[in-house]
Each structure stands twice: as structure tokens, then as C-alpha cells.
Amino acid sequence: MPSIELYQGDITQLAVDAIVNAANNSLLGGGGVDGAIHRAAGPDLLVECRALKGCETGQAKITKGHRLKAKHVIHTVGPVWSGGSRNEDELLSLCYKNSLQLAAQNGLHSIAFPSISTGVYGFPVERAAPIAVREIRNFGESSLEKAIFVCFDSATMDVYRKILKL
Ligand code: AR6
């Protein structure tokens, strides 16, 4: 299992092997963290994303980091919250699992996650954060040494802090 760190701020500023993007099924950009990543990475990220032909919810795809400090971007698509009975928990777990697996397959050592689905997609952060933490803790031996949870706002930070007892 990689060690877990907590960081409050902008994920686009992190010099890690991969930052994870909370994207949508098109992988062609959007608002929130997705928009910030595309702005910071520059237009070649979109060119590379076009060739990926989208991504299913819960799955993940990897690109280069282009102008980012991060070497790679792992794009995953979280579930849209619709009350909790549409497999949202399982799909969110898959986002973390598949992103970690992709990082390990590429021999990466460090990865940073935003709080997937808890912005525009409306997944309650109190329910999402324990899922995120559980998936990192359940991830076995691999090249991954460090996973960073990046919280943009202090409310999200508080939830993670409590769960991680930091
Ligand atoms: N760094 C880290 N976290 C951020 C940043 C940033 N620069 N900007 C926002 N966040 P969201 P979702 C936080 O809405 O809910 C996009 O349009 C934000 O405060 O970005 O998975 C996509 O194209 C929140 O805590 O992602 C999809 O259409 C978290 O990131 C849709 O939004 C996730 O919020 C995906 O929605």
C-alpha cells in the first residue's frame, strides 16, 4: 500500500508522476478540476485525449502531462450522484482502483487524486472520502510509494482529515 498524504490546493501544481483528472465520458475537457488540468497542460493534452475516444464511467486512461509539472495525467470518470442506488459507490471505487492499477502498470511512484465526483457530479464528500481512502489502503504491493489526496476547499479537507485522523 502506498503511503497517504493530504494536501490542500490546486492539483495542477503538483510535481508527481501522475495527477488524476475527474473527467467526463468524452475526455474532451469541462469545468472544475478537468478544466484546470486542461488549461495548465496546454492544447496538446486535448489532442492526445481525442485519440482515446472517450472513457466509460469507472474506467481510467493515461496520457502524458504535457506542460504540467506532473509527468502523466490519469483520466477517470466518476459517477453522477443520483441518490446512491445506481451503483454510485461501486463505480467510484472502480475509479480509484483502475487509476491505481494504471499507475502501477506504468511503473509510477507517486499519484495525486482530486475528490472525484464530489463537485459538479454531486456525490456527497462524506460518503466519497471513505471509499477513496479504502481503495488506497486496499491496494497491494506495487511501484506506487505515495498517494496524495488533493482537497481544493477546506470543507473537503476537513472530511479527509477526520477520516485519516490527521
Ligand atoms: N485542484 C484540485 N481539486 C480541484 C480543482 C483543482 N484545480 N478544481 C476543482 N477541484 P469537479 P466531478 C475539486 O466538479 O464532481 C467537469 O466539468 C472540486 O472542488 O471538478 O467529478 C468534468 O468535465 C471538487 O472537490 O469534478 C465533468 O463533466 C473536486 O475537485 C464533471 O466536472 C471534483 O469536482 C466531473 O464532476
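The text that follows walks through the structure, step by step, so that each part is easy to find.

You can see A147 is positioned in strand β6 (residues 146–151). The buried category is assigned to A147, whose relative accessible area is 1%. Between the alpha carbons of A147 and S85 there is a distance of 29 Å; along the sequence they are 62 residues apart.

This brings us to the sheet that holds strand β5 (residues 110–113). Sheet architecture is open: six strands sit in the order β1-β6-β5-β2-β4-β3, paired in mixed fashion. Looking at the sheet topology across the chains shown, the edges are occupied by β1 (3–8) and β3 (60–64). Between one strand axis and the next, the sheet turns by 25° as a mean value, whatever way the strands run. Contacting β2 (18–23) and β4 (72–77), helix α1 (residues 32–41) runs over the sheet at an angle of about 130° to β2. Along the sheet, helix α5 (residues 154–164) makes contact with β1 and β6, crossing β1 at roughly 155°.

Around the ligand sit 22 residues, and of these D10, N24, G31, D34 and G119 come closest. S117 is positioned such that a nitrogen or oxygen atom in its backbone is 2.8 Å from an oxygen atom of the ligand. Backbone polar atom of Y121 to an oxygen atom of the ligand: 3.1 Å apart, as the coordinates give it. Relative to its unbound accessible area of 700 Å², the ligand is 90% covered by the protein chains. Those elements that provide at least two residues to the shell around the ligand are β2 and α1. It is α1 that contributes the most residues to the shell around the ligand, four residues altogether.

On to the pattern of salt bridges. Enumeration according to the criterion identifies four salt bridges in this entry. With its nearest N and O atoms 2.9 Å apart, the salt bridge here joins K71 to D17. Placement of the pair is K71 in the loop between β3 and β4 and D17 in the loop between β1 and β2, with a sequence separation of 54 residues. Take K71: its relative accessible area is 55%, and that puts it in the exposed class. The exposure class assigned to D17 is buried, which follows from its relative accessible area of 9%. Close ionic contact of R161 with D158 constitutes a salt bridge, the shortest N to O distance being 3.7 Å. Of this pair, R161 and D158 both sit in helix α5, separated by three residues, roughly a single helical turn. A relative accessible area of 35% places R161 in the partly exposed class.

Cut-offs applied
- Starting from 1, residues in each chain are numbered consecutively following that chain's sequence as written.
- Confidence filtering applies because this is a predicted model: local features only for residues at pLDDT of at least 70, side-chain atom pairs given and counted only at 80 or more, and all residues used for totals across whole chains, interfaces and linings.
- Hydrogens and waters are ignored; side-chain quantities use all the structure's heavy atoms.
- Think of it this way: any DSSP run of H or I at least four residues long counts as a helix, any run of E at least two long counts as a strand, and we number them from the N terminus.
- The classification of residues rests on relative accessible area computed with a 1.4 Å probe and restricted to protein chains. Under 20% of the type maximum is buried, over 50% is exposed, and intermediate values are partly exposed.
- Any two strands with at least two DSSP-identified bridges between them are counted as paired.
- Between N-to-C directions, angles cover 0 to 180 degrees, with each direction set by a line fitted to C-alpha atoms, over the stretch in contact for helices.
- In what follows, a contact means two residues having at least one pair of non-hydrogen atoms within 4.5 Å.
- Proximity is defined per residue: if any heavy atom of the residue lies within 4 Å of a molecule or strand, that residue is considered near it.
- Residues adjacent in sequence count toward polar contacts only when both atoms are side-chain atoms; beyond that, a polar contact is any pair of N or O atoms within 3.5 Å, and within protein one must be able to donate a hydrogen and the other to accept it.
- Note on areas: these come from Shrake-Rupley sampling with a 1.4 Å probe, and a residue is covered only by the protein chains present in the view.
- One side-chain nitrogen of Lys or Arg within 4 Å of one carboxyl oxygen of Asp or Glu is enough to make a salt bridge.

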